[in-house]
Amino acid sequence: EIGLIVPLGEWVLDRACRQARLWLDAGMTAFRISVNLSPAQLRNHDFLSRVEQIVRKHQVPPAVIELEITESVAMLDAETVITILTELKTMGIQIAIDDFGTGFSSLAYLHRLPIDRLKIDRAFVRDLGSTRASGASIAQTVISLGQSLGLSIIAEGIETEDQAQLLMDLGCPLAQGFLYSKPVDSATFISWWKARQPV
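Throughout this description, residue numbers start from 1 for each chain and increase along the sequence as written. Where local features are concerned, this predicted model is filtered to residues with pLDDT of at least 70; where side-chain atom pairs are given and counted, the filter is 80 or more; whole-chain, interface and lining totals use all residues. Think of the side-chain values as coming from all heavy atoms in the structure, minus any hydrogens and water.

Draft legend 1. Structural view of the overall build of the protein chain. Labels follow the DSSP assignment, with helices taken as runs of H or I lasting at least four residues and strands as runs of E lasting at least two, numbered in each case from the N terminus. Looking only at helices and strands, the protein chain features 10 helices and 6 strands. Overall, the C-alpha framework of the protein chain stretches about 50 × 45 × 30 Å when taken along its three principal axes. Any two residues whose heavy atoms approach within 4.5 Å at even a single point are treated as in contact. The contacts in the protein chain between residues at least 6 apart in sequence include a share of 66% that link residues at least 24 apart. Total accessible area computed for the protein chain in this model is approximately 11,000 Å², and 56% of it derives from carbon and sulfur atoms. Positive and negative side-chain charges in the protein chain, numbering 18 and 23 respectively, have mean positions lying 6 Å apart. Methods summary: accessible areas were calculated by the Shrake-Rupley approach with a probe of 1.4 Å, and residue burial reflects only the protein chains presented. The charge count treats Lys and Arg as positive and Asp and Glu as negative. His and the chain ends do not count. By convention, the point assigned to a charge is CZ for Arg, NZ for Lys, CD for Glu and CG for Asp.

In structure tokens, the structure reads:
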């Protein structure tokens, strides 16, 4: 309400780029670090220039940065959002739609968005394997939609092996959630990553 999200969002992006640089310097490769965007940030007149300055300041390849927007943010002002996302893509930054399936996206509009991936909302993942079939049906629909648009799909909120297996069976190759790890600090994450590298 008071606009604090704009400097806060900028601070978060700065910290994320700083962390990405540290991971790169530690020898990590093939990762993305995701940062959520708010509607206020997209409406801010110098948003694009600030993103470019922060990425350049930390000397990170833009492709390791993924900016996430929700469906509701994407629907705010279609042409403006498309223009901003296109500029971000031109910089080389990845774009994801977070919590997909909870909003009311126009499929024609979704087709025009320059995005890389859809993230299936955890509410649908939670229903997988339950007596209700709605979660699996919606997950299958999102996966099929994403594949038809040439997008990668990530399922959020994976907590059990059954959920992970069901999603793989539905054709979703990427997942995140407590099944793999609870949130950890940077040093713990680097140790976790190094322990899983081929000898």
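Draft legend 2. Quick look at the environment of Leu48. Mapping Leu48 onto the fold places it in helix 3 (residues 47–58). The buried label applies to any residue whose accessible area, calculated with a 1.4 Å probe on protein chains only, is under 20% of its type's maximum; exposed applies above 50%, and partly exposed to all values in between. Residue class for Leu48 comes out partly exposed when judged on its relative accessible area of 23%.

Draft legend 3. A look at the side chain of Gln19. Mapped onto the elements, Gln19 comes out in helix 1 (residues 5–25). A residue is classified by how much of its surface remains accessible, and Gln19, at 16% relative accessible area, is buried. One polar contact links Gln19 to Ser186, side chain to side chain, over a distance of 2.8 Å. Under this definition, polar contacts are N or O atom pairs within 3.5 Å; protein pairs additionally need one hydrogen-donor-capable and one acceptor-capable atom, and for neighbouring residues in sequence, both atoms have to be side-chain atoms.

Draft legend 4. Just the packing of helix 3 against helix 5 (residues 78–91), in detail. Lines fitted to C-alpha atoms define the axes here, with helix axes fitted over just the stretch in contact, and angles between the N-to-C directions of these axes take values from 0 to 180 degrees. The N-to-C vectors of helix 3 and helix 5 enclose an angle of 20 degrees; their axes lie 11 Å apart at closest approach. Looking at the two axes, helix 3 sits roughly parallel to helix 5. Crossing handedness for the pair helix 3 and helix 5: right-handed. Seen from helix 3, the contacting residues are Phe47, Leu48, Val51 and Glu52; seen from helix 5, they are Ile84, Glu87, Leu88 and Met91. Charged means Asp, Glu, Lys or Arg here, nonpolar means Ala, Val, Leu, Ile, Met, Phe, Trp, Tyr, Cys or Pro, and polar covers whatever is left, Gly included. Of the residues that constitute the contact of helix 3 with helix 5, the class distribution is 6 nonpolar, no polar and 2 charged. An angle below 35 degrees is treated as roughly parallel, one above 145 as roughly antiparallel, one from 65 to 115 as roughly perpendicular, and anything else as oblique. Note on convention: the crossing is left-handed when the near helix lies turned anticlockwise from the far helix by less than a right angle, right-handed when the turn is clockwise.

Draft legend 5. Structural detail: the pairing of strand 3 (residues 94–100). Of all 7 residues in strand 3, 6 are buried; the element is thus mostly enclosed. In this sheet, strand 4 (residues 117–120) lies alongside strand 3 in parallel orientation, the contact comprising 3 bridges. If you follow Ala96 over to strand 4, its bridge partner there is Arg117. The rule for pairing is simple: two strands pair if DSSP sees at least two bridges between them.

Draft legend 6. View of the layout of surface pockets. Residues are said to line a cavity or pocket when one of their atoms sits within 4 Å of a point; the points come from a 1 Å grid over protein atoms alone, cavities being sets where a 1.4 Å probe fits but cannot get out and pockets being open sets with protein on both sides within 12 Å along at least five of seven lines. Grid points are joined across faces, edges and corners, and a volume is the space filled by probe spheres set on the points. Its boundaries defined by the atoms lining it, the largest pocket holds a volume of some 1,400 Å³. Contributing to the lining of the largest pocket are 34 residues, with Arg32, Ala175, Gln176, Gly177 and Phe189 lying nearest its centre. For the lining of the largest pocket, the elements supplying multiple residues, two or more each, are helix 1, strand 1 (33–36), strand 2 (65–70), strand 6 (174–175) and helix 10 (186–195). Examining the composition of the lining of the largest pocket, we find that 6 residues originate from one element, helix 1, more than from any other. Residue composition of the lining of the largest pocket, grouped by class: 17 nonpolar, 8 polar and 9 charged.

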